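Residues per chain, in single letters:
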Amino acid sequence: EGNKEWMDAEDVKLVDALAAEGQSHLFADWPAAGEHDDDKRRLLDQLRHLDKSYAGGLVKYIRNARQLLKDSKEGVNPFEGCTPAVPEGEKLDFGSQHFRELERAGIAAAGEAAFVLVAGGLGERLGYSGIKVALPVESASGMCFLELYVKSILALGAKAGRALPLAIMTSDDTHQRTVDLLDKHSHWGAAPGQITLIKQEKVACLADNDARLALLPNDPFQVQTKPHGHGDVHMLLHSSGLADKWLADGFKWVCFFQDTNGLVFRALPAAIGVSVANDYDVNSLAVPRRAKEAIGAITRLTYPDGRHITMNVEYNQLDPLLRATIAPEGDVNDDTGFSPFPGNINQLVLKLSTYCAELHRHGGVIAEFVNPKYADASKEKFKSSTRLECMMQDFPKSLPEGCRVGFTVVNQVWAAYSPVKNSPADAAAKAAGGNPSHSATTGELDMYLTNCKMLQALGARIDGPQPAEFNGIKDLELWPRVAWSPLWACSWDDVEAKVTASKLHIGADAALVIEAPDAEIRSLDLQRGALVIKAASGGSQEAAAAGSNGTGGEAAAGAAGAAAEPAAAAAPIIVDGLTVDNVGWEWQPLDPDAGAAEEEYIRGFRVVRHEQQVLP
Ligand code: UGB
């Protein structure tokens, strides 16, 4: 009573619109004007915020939700009448001549590419309290994911002589800590304005099948909210004007990737090359996928009207879809030991002109879905409130007929995809079941594996690997701990040009870290121990910073101490005729009873840096 009198015109308009959409319950228990006015203002402000941050506003959200909840209640099958098939795509062997030609073409085309990192998720599943992009990719260099990504983009830009844009989608959970991380490192040298942060907002929760918004149980003046999913990135690239700006600035491709895959830039350039060669509007990077593995499957669907679409089908939908259509046995491995459906790794290369045209058509709101947990079979009540969600990889779902959608599989999973997603307990269980553990342990070990395999393929003598077990994950391979900055090498050609591989030997327990962008290895026998080739400036400070994040412990202090020595003149570092033999660094399994930093705990080891040789 009397409440509308103190509201402004915008409040009244929104309240009336919501009431007309069945949301009167939000205001039904309001006391008369003069009581709890601050609380009422809080609710109105929140509703206005929710209204502005969803394309089409709250009314559109509620209408979409009502329809999706109806479909869910009625058990509407989103793939009704669809016939799945294994799609055609490019399958590449990492490092083959064909791969390297595509990588070369992709690197040339990357000069016209913008990059998008989705980093709004927290590491809850991983058991890490910080933001995931601040985690070290591996402990040898201590480089964090964000640094690796920024430097990879800087390296590609340096080849093109152009600053390539990077947009990072954050959320309330990750935004400030991402800003702080970038600022702490002066954006790792990115140009002002090169990196743009776009923050996703949460969406309103829904209490019932009528899409009535859920108020917090302990606060009747706040609507409950939850994340809308990584699909928000499309709406934000549209509403921020970034996608249009990139197109106007002459960029042709936009590449999306996730927060913790240290290998993304090993495969992405070749995928851009595939997009160029095939003139793809959409190209998904993929890896061989074990049947029932919890990653989406790239699938070609034929609709009853004859329309075809190649897109991601989430793993929990693939098995029932196959059983109901072409394969009564469901999602099973074929005689290659893998499912015939490649695994989506959410690394996408989109043609920017097609992308922008689509954003203008639908505002970037793509293929939402709802997943209510019903109280019982009548599906009348929910166990807890639900909300609409959306996934970045569903973008092709609404593409018009005629668009070219393909995928690029890298046959060697270890060279393309090793994300850090699961807690030690979940990782050990996955590994025991024969699945990739997608853990901090394997995320690190796969970086060494890939680097060693690259050097080996180019002709170097690399000893090992040694068998290892960390955090209960058995049968691991611990390769020599080789790590390099993307500023030193971001392609096969770079590595080949900077290393005389036939004169390189690395012992099984050795560590080699290359930070200096212009370092050259002409002849090196790294028999035992650790060798660090530092950047003349900048890189050293960053190594010290990496040490302070908990992965290096005491030993990092040693590395930092070495870094504090005055840098040599800026002449390129040429390693020629060097033999290294020192006590080196130890990847020591954690004693479960001893305390450990979170970064160590999720890996199951700590690195003890006994001794190293540092150049220059
Ligand atoms: N993310 C956001 O930025 N915002 C959000 O609201 C949520 C996430 P998850 P998910 O690679 O194995 C995906 O949680 O969604 C970011 C694919 O759907 O790690 O369970 C988040 O920060 C699946 O098909 O993954 O599963 C992170 O960078 C398969 O490819 C990214 O989104 C699976 O990844 C992914 O979030 C996989």
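## Here we look at the site of the ligand
Move 1: The full set close to the ligand counts 23 residues, and Val118, Gln200, Gln258, Gln393 and Tyr417 are the nearest of them.
Move 2: Gln200 has a polar side-chain atom sitting 2.6 Å from a nitrogen atom of the ligand.
Move 3: Broken down by element, the residue count for the shell around the ligand peaks at three residues, all from strand β14 (residues 339-351).
Move 4: In terms of residue class, the shell around the ligand is built from eight nonpolar, 11 polar and four charged.

## Some remarks on the sheet that holds strand β18 (residues 461-462)
Through backbone hydrogen bonds, the strands of a sheet pair up, either in parallel or in antiparallel fashion.
Move 1: If you walk across this open sheet you meet the four strands as β18-β22-β24-β26, and the pairing is parallel. Because the sheet does not close on itself, it has two edges, and the strands there are β18 and β26 (574-581).
Move 2: Where strand β22 (residues 504-506) lies against strand β24 (residues 520-528), three bridges are found, and the strand directions are parallel. Across the sheet, residue Leu504 finds its bridge partner in β24, namely Leu524.

## Comments concerning the state of the cysteines
Move 1: Across all of its chains, the model carries zero disulfides by this definition.
Move 2: Looking at Cys144, it has no disulfide partner, and the nearest cysteine sulfur is the one in Cys490, 18 Å off.

## Let's talk about helix α13 (residues 352-362)
Side chains that are three or four residues apart share a direction in an α-helix, a result of its 3.6 residues per turn.
Move 1: For α13, the set of buried residues is Leu352, Thr354, Tyr355, Cys356, Glu358, Leu359 and His362.
Move 2: Residues of α13 that are buried make contact with α9 (232-239), α10 (242-248), β10 (253-257) and β14.
Move 3: Of the residues trailing α13, Gly363 is marked for its positive phi of about 75 degrees.

## Considerations on the layout of surface pockets
Move 1: Quantified by volume, the second largest pocket comes out at close to 740 Å³.
Move 2: Only β11 (282-289), α14 (424-432), α15 (440-457) and β20 (473-478) provide two or more residues apiece to the lining of the second largest pocket.
Move 3: In terms of residue count, β20 provides more of the lining of the second largest pocket than any other element does, five residues in total.

## Considering α14
Move 1: Looking only at α14, the buried set comprises Pro424, Ala427 and Ala428. The arc that holds every buried residue of α14, seen down its axis, measures 100 degrees, which confines them to one face. For α14, exposure combined with an orientation more than 90 degrees from the buried face picks out Ala425 and Ala429.
Move 2: Its buried side turned inward, α14 meets β20 and α19 (598-601).
Move 3: With its phi angle positive at about 85 degrees, Gly434 sits one or two positions after the end of α14.

## Topic: the nonpolar core
Move 1: Grouped together as the largest cluster of nonpolar side chains are 139 residues, with contacts concentrated most on Phe115, Leu237 and Ile533.
Move 2: The dominant element in this core, judged by the number of residues it contributes, is helix α7 (residues 145-160), at nine residues.
Move 3: By size, the runner-up hydrophobic cluster in this structure holds 28 residues, among which are Leu18, Tyr61, Ala65 and Phe382.

## So, the sheet that holds strand β23 (residues 511-514)
Move 1: The parallel open sheet is built from four strands, whose spatial order is β21-β23-β25-β29. Edge positions in the sheet fall to β21 (481-484) and β29 (613-615), since each has one partner strand and no second. Strand-to-strand, the axes of this sheet are offset by a mean angle of 5 degrees, without reference to chain direction.

## Description of the pattern of salt bridges
Proximity of charged atoms lets side chains of opposite charge pair with each other.
Move 1: Counting across every chain of the model gives 41 salt bridges.
Move 2: As a salt-bridge pair, Lys159 and Asp494 come within 2.7 Å of each other at their nearest N and O atoms. Pair noted here: Lys159 is in helix α7 and Asp494 is in helix α16 (residues 492-498), with a separation of 335 residues, a long-range link.
Move 3: Looking at Asp494, the relative accessible area reads 13%, which means it is buried.
Move 4: Among the salt bridges present, the one from Arg387 reaches Glu389, with a minimum N-O distance of 3.7 Å.

## Here's the deal with unusual backbone geometry
Both trends apply: most residues other than glycine have a negative phi, and most peptide bonds are in trans.
Move 1: Cis rather than trans, the peptide bond between Gly464 and Pro465 has omega equal to 5 degrees.
Move 2: Tracing the sequence through the fold places Pro465 in the loop between β18 and β19 (466-470).
Move 3: Of note, the bond from Leu615 into Pro616 is cis; its omega dihedral lies within 30 degrees of zero at 0 degrees.
Move 4: Residue His438 is not a glycine yet carries a positive backbone phi of 45 degrees.
Move 5: Summarising the element assignment, His438 is placed in the loop between α14 and α15.
Move 6: Since its relative accessible area comes to 11%, His438 is described here as buried.

The rules we used
Along every chain, residues carry numbers that run from 1 in the direction the sequence is written. Only residues with pLDDT of at least 70 get local features here, since the model is predicted, and only at 80 or more are side-chain atom pairs given and counted; chain-wide, interface and lining totals rely on the full set of residues. Based on all heavy atoms of the structure, the side-chain values leave hydrogens and waters out of the count. We call a residue near a molecule or strand whenever a single non-hydrogen atom of that residue lies within 4 Å of it. For this analysis, a polar contact is any N or O atom pair within 3.5 Å, provided that within protein one partner can donate a hydrogen and the other can accept it, and provided that sequence-adjacent residues contribute only side-chain to side-chain pairs. Helix and strand assignments come from DSSP, with helices taken as H or I runs of at least 4 residues and strands as E runs of at least 2, each series counted from the N terminus. Each residue gets one of three labels, nonpolar for Ala, Val, Leu, Ile, Met, Phe, Trp, Tyr, Cys and Pro, charged for Asp, Glu, Lys and Arg, and polar for the others, Gly among them. Here the rule is simple: two strands pair whenever DSSP picks up at least two bridges between them. The criterion for a disulfide is a pair of cysteine sulfur atoms lying within 2.5 Å. Exposed residues in this analysis have more than 50% of their type's maximum accessible area, buried residues have under 20%, and partly exposed residues fall in between, with area computed by a 1.4 Å probe over protein chains only. The contact definition used throughout considers only heavy atoms, calling two residues in contact when any of these lie within 4.5 Å. Only protein atoms enter the 1 Å grid, on which a cavity is a set of points fitting a 1.4 Å probe that cannot get out and a pocket is an open set with protein on both sides within 12 Å along at least 5 of 7 lines, lining residues being those with an atom within 4 Å of a point. Grid points are joined across faces, edges and corners, and a volume is the space filled by probe spheres set on the points. Each direction from the helix axis to a C-beta atom contributes to the arc, which is the arc of those directions. What makes a nonpolar core is a set of buried Ala, Val, Leu, Ile, Met, Phe, Trp, Tyr and Cys residues whose side-chain atoms join them at distances within 4.5 Å. Helix axes are fitted to C-alpha atoms over the stretch in contact, other axes to C-alpha atoms as well, and angles between N-to-C directions run from 0 to 180 degrees. Salt bridge criterion: a side-chain nitrogen from Lys or Arg within 4 Å of a carboxyl oxygen from Asp or Glu.

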